[in-house]
Amino acid sequence: MSLDGKIALVTGGSRGIGRAIALRLAEMGAKVAINYVSNPDAAQEVVGAIAAMGGEGRHYKFDVADTSAVNDSIAKIIEDYGRLDILVNNAGITRDGLLMKMKEENWDQVLDTNLKGAFNCIKAVTRPMMKQRWGRIVNISSVIGFLGNAGQANYAAAKAGLTGLTRSIARELASRSITVNGVAPGYIDTDMTRDLAEEVRAKVLGEIPMRSMGSAEDVAGAVAYLVSEDARYITGQFIHVNGGMFMG
Ligand code: NDP
């Protein structure tokens, strides 16, 4: 599953699942643009880890929710590398709370980052990928987008929105050999889930047939497959990486 000569952009590639995806794509031979928004040290660490394995990565700071910043940064990546073949929309945030108490700004932030962010990045890469007549887009969803979750109406709505976005764009781009798929992780051990209260963690584990949280590398493996040539005839699909928590 070689990605030699391919250029990839991983949004939110500086930490957690995005970091594991960036390393995995670099290991497969891709040059990787690592996006982040607030933590340059973490992004630099990923660039260093890629260099240590003999690969090439660079980091790019932009907020995926900021349309003009996305357009400028993706144009810069294409200028730096000459092309862009793979987009992984991984950047995401949570702002949890029961709907009755949810602030409008928390709804907006989560929808803007997790859903509009993906729209912005897809829109910016579509024309160059169509010209190349090859591309891979992978949207990182969540089991919550399929099941819903009390206290996460904003996050569930954004992730469920990614399903419709993925399937629609997959239909629009299929004839140009551009596939658009999703990976829906269950509970994965990252900064996002590390602060869960012990009783919440125990409850979640009780709902997972495999009785353990997944790793960022488990998610990266599914992404690696979807961007590979082996998956060339797969589009509009979701791979669920969740230890059996939801079987779609
Ligand atoms: P982390 O909180 O560990 O990392 C989030 C990453 O996204 C960081 O690199 C962060 O950059 C970046 N980011 C956040 N907001 C923006 C933004 N506006 N623009 C650009 N980059 C941004 O999250 P995870 O690794 O846990 O999650 C990654 C994805 O996987 C998310 O989409 C999440 O919803 C999804 N997911 C996670 C699950 C889990 O259990 N962890 C389960 C299901 C889905 P910076 O370092 O600069 O802050």
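Residues numbered from 1 in each chain as written. Predicted model: local features only at pLDDT ≥ 70, side-chain atom pairs only at ≥ 80, totals over all residues. Heavy atoms only, no water.

## A closer look at the site of the ligand
Around the ligand, the structure places 31 residues, and the nearest of them are Ser14, Ser38, Asn90, Tyr155 and Thr190. Here an oxygen atom of the ligand sits 3.2 Å away from a polar atom, N or O, in the main chain of glycine 12. Residue valine 37 places a main-chain N or O atom 2.9 Å away from an oxygen atom belonging to the ligand. Mapped onto the shell around the ligand, the elements with two or more residues apiece are α1 (16-27), β2 (31-36), α6 (153-173) and α7 (191-194). (Near = heavy atom within 4 Å. Polar contact = N/O pair within 3.5 Å; in protein donor to acceptor, adjacent residues only side chain to side chain. Helix = DSSP H or I, 4+ residues; strand = E, 2+ residues; numbered from the N terminus.)

## Things to note about the nonpolar core
Ranked by size, the top nonpolar core spans 34 residues in total, and within it Ile21, Leu25, Val32, Ile86, Val88, Val183 and Val223 carry the most contacts. For this core, the leading source of residues is helix α9 (residues 216-227), giving 8 residues. Of all hydrophobic cores here, the second largest spans 28 residues; its members include Leu9, Ala69, Ile77 and Leu173. (Core = buried A, V, L, I, M, F, W, Y, C linked by side-chain atoms within 4.5 Å. Buried < 20%, exposed > 50% of the residue type's maximum accessible area, 1.4 Å probe, protein only.)

## Notes on the packing of helix α4 (residues 104-132) against α6
Put simply, α4 and α6 touch, their axes get as near as 8 Å, and they point 15° apart. Considering the angle they form, α4 stands roughly parallel to α6. Once α4 is placed against α6, the crossing between them reads as right-handed. Here Asn106, Trp107, Val110, Leu111, Asn114, Leu115, Ala118, Phe119, Ile122, Thr126 and Met130 of α4 lie close against α6, whose contacting residues are Ala153, Asn154, Tyr155, Ala157, Ala158, Lys159, Gly161, Leu162, Leu165, Ile169 and Leu173. Classifying every residue of the contact of α4 with α6 by side-chain character gives 16 nonpolar, 5 polar and 1 charged. (Axes fitted to C-alpha atoms, helices over the stretch in contact; angles between N-to-C directions. Parallel < 35°, antiparallel > 145°, perpendicular 65-115°, else oblique. Left-handed = near helix turned anticlockwise from the far one by under 90°. Contact = heavy atoms within 4.5 Å. Nonpolar A, V, L, I, M, F, W, Y, C, P; charged D, E, K, R; others polar.)

## Comments concerning the pattern of salt bridges
In this structure the tally under the stated criterion is 10 salt bridges. Close ionic contact of glutamate 45 with arginine 19 constitutes a salt bridge, the shortest N to O distance being 2.9 Å. Of this pair, glutamate 45 sits in helix α2 (residues 40-52) while arginine 19 is found in helix α1, placing the two residues 26 residues apart along the sequence. Overall, glutamate 45 belongs to the partly exposed group, its relative accessible area being 38%. The partner of aspartate 80 in a salt bridge is lysine 76, with the nearest N and O atoms 2.8 Å apart. In this pair, aspartate 80 and lysine 76 both sit in helix α3 (residues 67-81), 4 residues apart, roughly one turn of the helix. (Salt bridge = Lys/Arg side-chain N within 4 Å of Asp/Glu carboxyl O.)

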